[in-house]
Amino acid sequence: MMMKWYKVSEELPPINKPVFVAMPNYYDQYNENFVYIMEYSENGCWEYYDGGTEYVGVSNADRWAYIELPEE
């Protein structure tokens, strides 16, 4: 199954649904060290989970890409 990545600048993810988010590193490259499970909320904030919930104040989020998690 081919998974489709969406650019945040082109289409926002579903509200309050976990997605994989890829962020470019300092060299503007995407790699597995910068992929997180996050949710986009109705108020335009991103939350990610790494042992707890943390709200992320983001800059350049339009360069992020996301993929929806498979349905169970």
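Computed from a prediction, not measured in an experiment: that's the story for all the values here.

How each quantity is defined
Residues numbered from 1 in each chain as written. Predicted model: local features only at pLDDT ≥ 70, side-chain atom pairs only at ≥ 80, totals over all residues. Heavy atoms only, no water. Pairing = 2+ DSSP bridges. Helix = DSSP H or I, 4+ residues; strand = E, 2+ residues; numbered from the N terminus. Core = buried A, V, L, I, M, F, W, Y, C linked by side-chain atoms within 4.5 Å. Buried < 20%, exposed > 50% of the residue type's maximum accessible area, 1.4 Å probe, protein only. Contact = heavy atoms within 4.5 Å.

As paired strands, strand β1 (residues 6-7) and strand β6 (residues 65-68) are joined by two bridges and run antiparallel to one another. Within β6, the residue paired with Tyr6 across the bridge is Tyr66. Alignment of strand β2 (residues 19-22) against β6, held across four bridges, turns out to be antiparallel. Paired with Phe20 across the bridge in β6 is Ile67.

Core analysis: the biggest nonpolar cluster contains 11 residues, these being Val8, Val19, Val21, Met23, Met38, Tyr40, Trp46, Tyr48, Ala61, Trp64 and Tyr66. When residues of this core are traced back to their parent elements, those giving at least two are β2, β3 (35-40) and β4 (46-49). Ignoring any residue separated from it by four or fewer positions in sequence, one finds Tyr40 in contact with Leu12, Pro13, Pro14, Ile15, Asn16, Cys45 and Trp46.

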